[in-house]
Amino acid sequence: MLQIPVTVVPEGWDEKKQEFVEPKIQILQLEHSLVSVRKWESKWCKAFLSTKEKTIEETIDYIKCMTLTQNVNPEVYNYLTKKHIEQINDYISAPMTATYFNEEKTPGRKQDVVTAELIYYWMISLQIPFECQKWHLNQLMALIKVCNIKNAPPKKMSRQAMASRNAALNEARRRQWGTNG
């Protein structure tokens, strides 16, 4: 979860009351999760995880979908600064896991457009509990990848790899038994 303090009323001097004004700060608690993506996609009717750039309106709306804080005045989102947006984007991009993958690109293979419904399908297929929909989305995606890797049948060895493995085994047996062939 990310917490963003948003200054709604800056510290300053009130001319009418002739007094200092204390700053008003609203803390936004944000969670980048499948639930947030589903809310956003249901409004915009397009894939959130696409590579297309989002408009400012779409970005602010996603931040609203990420917000866990109750009863936030909609005006608060008007006070988000460029620094806030960068901080939120860094949070969205963070892997949030120690798991890493060696990505193998398959030439000519078309990637599916990833939507919330597709991720829910993966969760159901892999028997991932629905509590995980509230995880950081990158953690959930890592879990889905791990489940896919662990459930995949072992890859077949190439002829060259099999021949070199057999040659190494034969050489080890020759040394073990002291024979020539």
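Report on the accompanying structure. (Residues numbered from 1 in each chain as written. Predicted model: local features only at pLDDT ≥ 70, side-chain atom pairs only at ≥ 80, totals over all residues. Heavy atoms only, no water.)

**Digging into the overall build of the protein**
In terms of helices and strands, the protein carries six helices and four strands. Beginning at the N terminus, the succession of helices and strands in the protein can be written as β-β-β-β-α-α-α-α-α-α. The C-alpha radius of gyration of the protein comes to 26 Å, more than 25% above the 16 Å expected for a compact globule of 181 residues. Burial status across the protein gives 28% buried among its 181 residues. Restricting to contacts in the protein with at least 6 residues of sequence separation, those with at least 24 account for 59%. With an accessible surface of roughly 13700 Å², the protein has 53% of that area assigned to carbon and sulfur atoms. (Helix = DSSP H or I, 4+ residues; strand = E, 2+ residues; numbered from the N terminus. Rg over C-alpha atoms; globule rule 2.2 N^0.38 Å. Buried < 20%, exposed > 50% of the residue type's maximum accessible area, 1.4 Å probe, protein only. Contact = heavy atoms within 4.5 Å. Areas by Shrake-Rupley, 256 points an atom, 1.4 Å probe, with all protein chains shown as cover.)

**Observations concerning the packing of helix α2 (residues 56-66) against helix α3 (residues 82-93)**
One way to put it is that α2 packs onto α3 with a least axis distance of 12 Å and a crossing angle of 65°. Between α2 and α3 lies a crossing whose hand is left-handed. For the pair α2 and α3, contact is made by Thr59, Ile60, Tyr62, Ile63 and Met66 and by Ile85, Ile88, Tyr91 and Ile92, respectively. In terms of residue class, the contact of α2 with α3 is made up of eight nonpolar, one polar and no charged. (Axes fitted to C-alpha atoms, helices over the stretch in contact; angles between N-to-C directions. Left-handed = near helix turned anticlockwise from the far one by under 90°. Nonpolar A, V, L, I, M, F, W, Y, C, P; charged D, E, K, R; others polar.)

**A short note on the side chain of Thr67**
Within the secondary structure, Thr67 is located in the loop between α2 and α3. Contact partners of Thr67, with chain neighbours within four places excluded, come to Leu28, Gln29, Leu30, Val72 and Tyr77.

**Points about the nonpolar core**
Counting 36 residues, the largest nonpolar core has Leu28 and Leu140 as its most contacted members. For this core, the secondary structure elements donating two or more residues are β1 (2-9), β4 (24-30), α1 (34-44), α2, α3, α4 (116-125) and α5 (137-151). Discounting residues that sit within four places of it in the chain, Leu140 has contacts with Leu34, Ile119, Met123, Ile128, Cys132, Gln133 and Trp135. (Core = buried A, V, L, I, M, F, W, Y, C linked by side-chain atoms within 4.5 Å.)

**Structural notes on the environment of Glu41**
Turning to its location among the elements, Glu41 is positioned in helix α1. By relative accessible area, Glu41 is classed as buried at 8%. Non-local contacts of Glu41, meaning those with residues more than four positions away in its chain, are made with Lys46, Ala47, Phe48, Val114, Thr115, Ala116 and Glu117.

**Quick look at the state of the cysteines**
Applying the stated criterion to the full structure yields zero disulfides. Unpaired in terms of disulfides, Cys65 finds its nearest cysteine sulfur in Cys45, a separation of 12 Å. Cys147 takes part in no disulfide bond, and the closest cysteine sulfur to it belongs to Cys132, at a distance of 8.9 Å. For Cys147, a relative accessible area of 18% gives the class buried. (Disulfide = S-S within 2.5 Å.)

**Considerations on the pattern of salt bridges**
As enumerated under the stated definition, the model contains four salt bridges in all. For the salt bridge of Lys43 with Asp61, the shortest nitrogen-to-oxygen distance reads 3.2 Å. Taken together, the residues span a long stretch of sequence, with Lys43 in helix α1 and Asp61 in helix α2 at a distance of 18 residues. Residue classification places Lys43 among the exposed residues on the basis of a relative accessible area of 53%. Across the salt bridge formed by Glu58 and Lys46, the nearest N and O atoms sit 2.4 Å from each other. Note that Glu58 is positioned in helix α2 and Lys46 in the loop between α1 and α2, a separation of 12 residues in sequence. Judged by its relative accessible area of 5%, Glu58 falls in the buried class. Among the residues examined, Lys46 registers a relative accessible area of 40% and is labelled partly exposed. Among the charged side chains, a salt-bridge network with shared partners connects Glu171, Arg174 and Arg175. (Salt bridge = Lys/Arg side-chain N within 4 Å of Asp/Glu carboxyl O.)

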